[in-house]
Amino acid sequence: MAYLVAFHWGWLAGAFAIGLAMGWVAVVHRAPGVSRLLTWLMAALAVGLVAAAVACWIPGRAGYWLELLLILFVPYLVGCGIGTWLRAMVVMRSMRQRSAS
Amino acid sequence: MRGLLRWSGKWWPGVIPLIVLWGFAAWTSTVPLENDLASRSSAALRGSVLDRTSITVDGRDVSLRADAFSEAGRRDAVAAVDAVAGVRLVNDQTRLVPEAKPFVWSAERDVVRVTLGGNAPLPALKGRLVEATRAALPGVEVADQMGLARGAPSRFEDAALLLIGQTGKLKDGKFTISDGDVTLTGMARELGGREAIAAALGKLPDGFKVASNEVKAPPYIFQAYKDPVAVTVTLSGNVPDENIHAVVVGSSSRKFFNEKVVDNLKNSVGAPVNFVNAVVPALGALSRLSTGTLVVSDRDIKISGDALYDAAAAQIRTGLAKDVPQGWQVKADITVKPAAAPVDPTVCQQLFSDVLGKAKIRFETGRSDLDRDSTGLLDRLVEIAFRCPAATVDIIGHTDADGDAAANQVLSQKRAQAVADYLVRAGLPADRFTPIGYGSTQPIASNDTGEGRAQNRRIEFLVR
């Protein structure tokens, strides 16, 4: 894992940036959210992929590409979380200022 | 936190650029990552003893193909690659080098090269054997045809290096180690080489033994060439030791009374038995030729040249074979020198005196038997006698003053008769020769000294 992080830090930083931007936008985004069923399906797919990667079920380059995909998701999700949190803070502050005035 | 969960439902659009990013990352990083893992896996195996190592990387999975020389070495190699950071799986395709039974190694020498064949137990040792061969035989091509196999006997390296050290003594041949058995065939480069190799084999490590040693010695050559133009006899080739060297040179000096003996002989071991008993009679035969060559190769004697007259040629052809020890072969290729032009008796006398002035006819001490060393001299006298067929010759024997005068007279008479008999056997008419014995009555020097007595013991030819 440490090797993958060290080897791909540039791509991981990119994924984090995409996540940060997405999280920032998500707070004010008017698009519909993902349905509960789809969320479960996505979660099940994610668990399956992680299990396949950990158990090394997929050999060769395909296995490596799966690992790369999963490892890119980590900074993306972290970025989303941070972006959303920051934007939520900004939105909450502006709403408090507006209600105070 | 609840808000975060709620808003996370809107994070999915970002997955689209993330997938694009992933595609770029996979596109650009796969080959560099594989190359990086391959180079670091190779580095991890640098200390391992392996043959035919091949590393292929697919993603983060490494396929290791190699021949190992022990089970522990094989496991260690796989573990070393497995421990390389970034490697996910090791596809173990290693195997043990096959075990050779029997374990055979060989060094074969021919004219231009040494070929190392069979098996070596380890790659490093294989290299050391090649280097040792190059060092032992500078300038000789070394062909490495060795494979690798397990199952070498202990101390194999010491035994192989010892044999490599001996290849320089071979002209051609092959040394083989088969398990603990050492087999040697071929021809030694020089006389004594076979013995030197046999002596070196005594230092073989424990567990090795000489199964067969068929190394042959080169032919033991002795040569003599009688050159009538340079008036020399050149001796070359080998003699067994200093004593026999002295015997051969001394005998040659007596037999070749007219020629200078050029001694190019060297002392070498490996002479056939009865060497001196064969070479001395052969030199006697050569001394009877006007020009000729004697070649002794092991136990084969080959003599060729021109005899001075017909009977001498016949005597050499049949006589030499009887004179040499049993087991020796003689091949005599003798022709007869064309007869010289006849001369008148006065010239004949001068020729007799010239020849007898250079050497004396010798006899056995106190007896009338002709010494074999004088045969060449007698043949010269026969040749001269043939040139003046009209002349009659007194053959006069003299002795020194030692002993009884009557006995000396009888001895001198018998000695003169023996010389006359030799001339008659050569084909000259008996009535041309009159043997006379004067005993000690006509000394030409003092009988008080050994040198004077030696001068007084003589045979004279007087043409009438």
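Note that the structure is a prediction, hence the values are computed from the model and not measured.

Asks: Help me out: how do you make sense of the overall build of chain A in this one?
Replies: Looking only at helices and strands, chain A features 4 helices and 0 strands. Listed N to C, the secondary structure of chain A is α-α-α-α in terms of helices and strands. By the burial criterion, 26% of the 101 residues in chain A qualify as buried. A fraction of 80% describes how many contacts in chain A between residues 6 or more apart in sequence connect residues 24 or more apart.

Asks: What am I meant to see in the overall build of chain B here?
Replies: Helix and strand counts for chain B stand at 13 helices and 20 strands. Counting the 464 residues in chain B, one finds 35% classified as buried.

Asks: Just checking my understanding: could you explain helix 3 (residues 36–54) of chain A for this structure?
Replies: Note on helix geometry: an α-helix contains 3.6 residues per turn, so any two residues three or four positions apart are oriented the same way. Residues and elements named next belong to chain A. With 19 residues, helix 3 should cover 27 Å at 1.5 Å per step; its first-to-last C-alpha distance of 27 Å lies within 8% of that length. Counting buried positions along helix 3 yields 0 of 19 residues, so the element is predominantly exposed. One or two positions beyond helix 3, positive phi appears at Cys56, with a value near 55°.

Asks: Looking at this model, I keep getting lost on the sheet that holds strand 12 (residues 221–227) of chain B. Mind explaining?
Replies: In a beta sheet, neighbouring strands are held together by backbone hydrogen bonds and run either parallel or antiparallel to one another. All names here are of chain B. The strand order 14-13-12-15-16-17 describes an open sheet built from 6 strands, whose pairing is mixed. For this open sheet the edge positions go to strand 14 (260–267) and strand 17 (329–336), each flanked by a neighbour on one side alone. Neighbouring strand axes in the sheet, compared pairwise and without regard to direction, differ in orientation by 5° on average. With 8 bridges connecting them, strand 16 (residues 300–307) and strand 17 associate as parallel partners. When the sheet's bridge partners are listed, Ile303 is paired in strand 17 with Ala332. Against the sheet, helix 9 (residues 310–323) contacts strand 16 and strand 17, and its axis sits at roughly 175° relative to strand 17.

Asks: Looking at this model, I keep getting lost on the confidence of the model for chain B. Mind explaining?
Replies: Low-pLDDT stretches of the model should not have their predicted coordinates read in fine detail. With 99% of its residues at a pLDDT of at least 70, chain B reaches an overall mean of 91. Interface scoring of the predicted complex returns ipTM 0.92; its pTM is 0.62.

Asks: Whenever I open this one, the packing of helix 7 (residues 242–255) of chain B against helix 8 (residues 275–287) of chain B confuses me. Can you help?
Replies: In a pair of packed helices, the angle between the axes and the distance between the axes together describe the arrangement. Residues and elements named next belong to chain B. At a minimum axis separation of 10 Å, helix 7 and helix 8 run at an interaxial angle of 20°. Classified by the angle between their axes, helix 7 and helix 8 sit roughly parallel to one another. Note on packing geometry: the crossing formed by helix 7 with helix 8 is right-handed. Contact with helix 7, carried on its side by Ile244, Val247, Val248, Ser251, Ser252 and Lys255, involves Phe275, Val276, Val279, Val280, Leu283, Gly284 and Ser287 of helix 8 and no other residues of that element. Across the contact of helix 7 with helix 8, the residue classes tally to 8 nonpolar, 4 polar and 1 charged.

Asks: Whenever I open this one, the sheet that holds strand 18 (residues 393–398) of chain B confuses me. Can you help?
Replies: All names here are of chain B. Taken together, 3 strands build an open sheet; the order of strands is 19-18-20 and the sheet is mixed. Strand pairing shows two members of the sheet lacking a second neighbour, strand 19 (433–437) and strand 20 (458–463), which therefore form its edges. Between one strand axis and the next, the sheet turns by 20° as a mean value, whatever way the strands run. Strand direction decides the pairing type here: strand 18 and strand 19, joined by 5 bridges, are parallel. Pairing of Ile395 across the sheet is with Pro435, part of strand 19.

Asks: Explanation requested: the nonpolar core in the structure shown.
Replies: A general tendency of soluble globular proteins is for nonpolar side chains to be buried together. Residues and elements named next belong to chain B. Core analysis: the largest hydrophobic core is formed by 63 residues, its most contacted members being Val279, Ala282, Val382, Ile395, Val419 and Leu423. Top contributing element to this core by residue count: helix 8, with 8 residues. Once residues within four sequence positions are removed from consideration, Val419 is found in contact with Ile361, Ile395 and Ile459. Membership of the second largest hydrophobic core comes to 40 residues, among which are Ala68, Ala159, Ile197 and Val215.

Asks: Mind showing me how you'd approach the environment of Ala285(B) here?
Replies: Residue and element names in this part refer to chain B. In this structure, Ala285 sits in helix 8. Between the C-alpha atom of Ala285 and that of Ala313, which follows or precedes it by 28 residues, the distance is 9.6 Å. When sequence neighbours within four positions are dropped, the list of residues in contact with Ala285 reads Ile303, Ile316 and Leu320.

Conventions used here
Residues numbered from 1 in each chain as written. Chains lettered and ligands numbered in written order. Predicted model: local features only at pLDDT ≥ 70, side-chain atom pairs only at ≥ 80, totals over all residues. Helix = DSSP H or I, 4+ residues; strand = E, 2+ residues; numbered from the N terminus. Buried ≥ 20, exposed ≤ 12 C-beta atoms within 10 Å, placed from the backbone. Contact = placed C-beta atoms within 7 Å. Expected span 1.5 Å × (residues − 1). Pairing = 2+ DSSP bridges. Axes fitted to C-alpha atoms, helices over the stretch in contact; angles between N-to-C directions. pLDDT = per-residue confidence, 0-100. Parallel < 35°, antiparallel > 145°, perpendicular 65-115°, else oblique. Left-handed = near helix turned anticlockwise from the far one by under 90°. Nonpolar A, V, L, I, M, F, W, Y, C, P; charged D, E, K, R; others polar. Core = buried A, V, L, I, M, F, W, Y, C linked by C-beta atoms within 7 Å.

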